[in-house]
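The primary structure of each chain is shown beneath.
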Amino acid sequence: MSNYNRGGYSSSQGQGFVQDSFGNDSAAPKRTYNHTLRPVTIKQVLGATQTQADGDFKIDGQDIGQVTLVAAVRGVSPSATQNSYMIEDGSGVIDARKYPSDHDDTDELSTVVSGTYVRVVGTVKNFNQKQYVQVHSIRPIASMNEITYHNLEVLYVHVTATRNKMGGHGASSSVGVYGQHHDNMQGVSSTDTHMRGGHDTDDVAQSISDFIDNHPGKDSGVGAHRREIIAAFGQRLGGDNKVK
């Protein structure tokens, strides 16, 4: 989970639940607000579920507060009451609605046009049985590396959330995050985590997951460096680019 700031978000292991009490009456109702921020794909948002009409949405069985995603703007529909953006990230398409705020950076918003890649922070909402994102912040991304970083963080959070369900190993592939056939966003290098070239997708993904999970750098928080993963799997997969 993550806490949002202007430049992006920083990792946090805490769940971020804050309880507000109304007045000093101990019998007064109390509501727990979920202030967590989770990196997601559009497919995950579209598949999010609710246990009750006004309850939090759930992804991987966990309540979500705000979500952040990186996507391409495929259409903009401005109006007096809101700006509606059709955004797509290779896993799906969703409507993102931005309502005017006194805190809006109008110069920045004016640069969010069709064809722009953006980071969106918002809340999952449902209207007429259709999910959309109510946008709190939308900004153009500064570097295409942010797409790769976001996708890696989405997978990390997904694997961590599903680790117990999978017997300690986490998700064996990215199907639950991107869908069966995740196509790269138009004009961006492929971020598909499925391995191609005749190799068994689940087997390779699981092997790499196990390699990272058992790496000595895990406990120190450093993790496994990309060059180490390439060295371990490059020959098996047929070259560095296949691993990447």
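In this text, all values refer to a predicted model and were calculated from it rather than measured experimentally. (Residues numbered from 1 in each chain as written. Predicted model: local features only at pLDDT ≥ 70, side-chain atom pairs only at ≥ 80, totals over all residues. Heavy atoms only, no water.)

Caption draft 1: Just helix H6 (residues 226-237), in detail. Looking only at H6, the buried set comprises Ile 229, Ile 230, Phe 233, Gly 234 and Leu 237. For H6, the angular spread of buried residues about the axis comes to 135°, placing them on one side. Residues Ala 231 and Gln 235 are exposed on H6 and point more than 90 degrees away from its buried face. (Buried < 20%, exposed > 50% of the residue type's maximum accessible area, 1.4 Å probe, protein only. Helix = DSSP H or I, 4+ residues; strand = E, 2+ residues; numbered from the N terminus. Arc of directions from axis to C-beta.)

Caption draft 2: Fine view of the sheet that holds strand E7 (residues 57-59). The 3 strands lie next to each other as E6-E7-E8, forming an open sheet whose pairing is antiparallel. The outermost strands of the open sheet, each flanked by one partner alone, are strand E6 (49-50) and strand E8 (62-63). Note that E6 and E7 share 2 bridges and pair antiparallel. Counterpart to Gln 50 in the pairing with E7 is Phe 57. (Pairing = 2+ DSSP bridges.)

Caption draft 3: Region of the structure containing the environment of Val 73. Along the polypeptide, Val 73 turns up in strand E9 (residues 66-78). A relative accessible area of 0% means that Val 73 is categorised as buried. For the pair Val 73 and Ser 114, spaced 41 residues apart in sequence, the C-alpha separation works out to 5.0 Å. Excluding anything up to four places from it in sequence, Val 73 contacts Tyr 85, Met 86, Ile 87, Val 112, Val 113, Ser 114, Gly 115, Thr 116 and Val 118. (Contact = heavy atoms within 4.5 Å.)

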